[in-house]
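Coordinate inspection notes
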Amino acid sequence: MSLREEIMTAGNRVVFVDGVRTPFGRAGEKGMYWNTRADDLIVKAMMGLLERNPAVPVEEIDDVAIAATTQQGDQGLTLGRTAGILAGLPRHVPGFAIDRMCAGAMTAVTTTAGGIAMGSYNIVLAGGVEHMGRHPMGFDADPNPRFLAEKLVSPDALNMGATAERLHDRFPHLTKERADAYALRSQQKVTAAYAAGYIQPDLIPVSAKTAEGWTLATVDEAPRPETTLEGLAGLKTPFRPHGRVTAGNASGLNDGATICMLASEQAAEEFGLGVKMRMVSFAFAGVEPEVMGIGPVPATEKALRKAGLSIADIGLFEVNEAFAVQVLAFLDYFGIADDDPRVNEYGGAIALGHPLASSGVRLMIQLAHQFERHPEVRYGMTTMCIGLGQGGTVIWENPHYKGAK
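Residues numbered from 1 in each chain as written. Predicted model: local features only at pLDDT ≥ 70, side-chain atom pairs only at ≥ 80, totals over all residues. Heavy atoms only, no water.

**Notes on the overall build of the protein**
A count of helices and strands for the protein gives 13 helices and 12 strands. Expected size for 405 residues packed as a compact globule is a radius of gyration near 22 Å; at 20 Å, the protein falls within 12% of this value. If you take every contact in the protein between residues at least 6 apart in sequence, the share linking residues at least 24 apart comes to 80%. A total accessible area of about 16,200 Å² is found for the protein, and carbon and sulfur atoms account for 54% of it. Taking the 36 positively charged and 46 negatively charged side chains of the protein as two groups, their mean positions are separated by 2 Å. (Helix = DSSP H or I, 4+ residues; strand = E, 2+ residues; numbered from the N terminus. Rg over C-alpha atoms; globule rule 2.2 N^0.38 Å. Contact = heavy atoms within 4.5 Å. Areas by Shrake-Rupley, 256 points an atom, 1.4 Å probe, with all protein chains shown as cover. Lys, Arg positive; Asp, Glu negative; His and termini not counted. Charge placed at Lys NZ, Arg CZ, Asp CG, Glu CD.)

Here's what the structure looks like:
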């Protein structure tokens, strides 16, 4: 038996039943969620997920894991538990909060998946929320003075934009022109995906109070379909004079929530639940905090090794676009072209937004939709860089696979 066959038959197989998200808003006073609570965003997403999966016996849900990067105020207080109560789950269903910065929701998924694999859980909910308007990244944090006193990290290692500039420094062939061209394609792909109706089915509308009155948020607020290369070229470089990272080739500051349902394959069969993906392997890895954007590379190598696969086996990639240069570094390492159609088919965070701890499940939602449209693809992956120098990767199998074309 091959390593991959051993992995896929060991323990309880974990399946991705379904996932949804709120539309992502722009952070700040002009954003559509400025007057909306963070916990209300995740509760709305959770209720939407349960409403569209009526076959799920809510009393059988074993745990709820909700991530947030800045766990304070209305996105503190053990979100998994409080959101579960607010969403109407039975009181015996427990919950917890989790934090791995940008990979919070991804870690909520992998942590609960581990519980399924060893038989402790049958059905779980996992996701994340970030209201960056109310809770800016790192707000009120108090880093240990040893980090600087003992020179454990660079003084600006917590500045994600500075780490992206360092990737440009380390790999001079990853030019600003390439980053801008990649960013433009992200905007164009999101526009095309919306026009084709690929994104809207997994969005849960949210009532939001604005200065003009109540509105219903039904689409993402951040995309800029009018983007041009000329416009991108003229943007300021806020992290370094004459730098290469701009607001146009990086993800913005956003508010939003995501949630998904995982189950053991046996539970999915017993309760008649749909299966959109099967988990094959996952891995997290650490890198130098000063160049955190390279994190997806060792995480992907590790996940591939655990799965007994190679990069050539992966037919679809969902790579979080924290910064264009970070995606380009990943693609270059694995010999994948900047415009490879297997990568971020529906666009990514540069256009859609990156509400930190929620983004990992957005990647999974988009990959699940693509799997259904691509029965010729057997394996796909979701991967992302993580603040403080980490990367995370999850490899998935397509249940709709019909064989390569």
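**With respect to the side chain of Thr 69**
Structurally, the position occupied by Thr 69 is in the loop between β3 (61–67) and α3 (79–86). Among the polar contacts listed, one links the side chain of Thr 69 to the backbone oxygen of Met 101, at a separation of 3.2 Å. If we skip the residues at most four places from it in the chain, Thr 69 touches Asp 99, Met 101, Cys 102, Glu 130, Leu 356 and Ala 357. (Polar contact = N/O pair within 3.5 Å; in protein donor to acceptor, adjacent residues only side chain to side chain.)

**Side note on the packing of aromatic side chains**
Here the structure, examined in full by the defined rule, presents six aromatic pairs. Ring centres of Phe 16 and Trp 396 lie 5.8 Å apart, and the angle between their planes is 80°; on these two criteria the pair is classed as edge-to-face. Pair noted here: Phe 16 is in strand β1 (residues 14–21) and Trp 396 is in strand β12 (residues 390–397), with a separation of 380 residues, a long-range link. Look at Trp 396 and you get buried, because its relative accessible area is 0%. With a centroid separation of 5.1 Å and 25° between ring planes, the pair formed by Tyr 198 and Tyr 346 is classed as stacked. Of this pair, Tyr 198 sits in the loop between α7 (176–196) and β6 (206–210) while Tyr 346 is found in the loop between α11 (324–333) and α12 (349–352), placing the two residues 148 residues apart along the sequence. Accessibility expressed as a relative area gives 25% for Tyr 198, which makes it partly exposed. Taken together, the aromatic side chains of Phe 317, Phe 330, Tyr 333 and Phe 334 make up a single cluster linked through ring pairs. Over the aromatic face of Phe 284 sits the side chain of Arg 100, whose NZ or CZ is 3.8 Å from the ring centroid. (Phe/Tyr/Trp six-rings, centres within 6.5 Å; stacked < 30°, edge-to-face > 60°. Buried < 20%, exposed > 50% of the residue type's maximum accessible area, 1.4 Å probe, protein only. Lys NZ or Arg CZ within 6 Å of the ring centre and 35° of its normal.)

**Quick word on α3**
Since the α-helix advances by 3.6 residues per turn, residues separated by three or four positions end up pointing in the same direction. Those residues of α3 lying buried are Leu 79, Gly 80, Ala 83 and Gly 84. Angular distribution of buried residues about the axis of α3 spans 125°; they occupy a single face of the element. Contacts made by the buried residues of α3 are with α2 (38–51), β3, β4 (96–98) and β5 (123–131). Positive backbone phi, approximately 90°, marks Gly 88, located one or two places after α3. (Arc of directions from axis to C-beta.)

**Here's the deal with the packing of α7 against α11**
One way to put it is that α7 packs onto α11 with a least axis distance of 9 Å and a crossing angle of 100°. The angle between the axes of α7 and α11 places the two elements in the roughly perpendicular class. Touching Arg 178, Ala 179 and Tyr 182 of α7 are Ala 324, Val 327, Leu 328 and Asp 332, all from α11. Considering only residue class, the contact of α7 with α11 consists of five nonpolar, no polar and two charged. (Axes fitted to C-alpha atoms, helices over the stretch in contact; angles between N-to-C directions. Parallel < 35°, antiparallel > 145°, perpendicular 65-115°, else oblique. Nonpolar A, V, L, I, M, F, W, Y, C, P; charged D, E, K, R; others polar.)

**Remarks on the pairing of β3**
Burial within β3 is extensive, with six of its seven residues counted as buried. Inspection of the sheet shows β3 paired to β5 by six bridges, in the parallel sense. The residue bridging Ala 67 from the neighbouring strand is Gly 128, located in β5. Bridge count between β3 and β4: three bridges; the pairing is parallel. Within β4, the residue paired with Ile 66 across the bridge is Ala 97. Handedness of the β3-α3-β4 crossover: right-handed. (Pairing = 2+ DSSP bridges. Right-handed = clockwise from strand over helix to strand, strands pointing away.)

Honestly, it's all geometry; don't read function into it.
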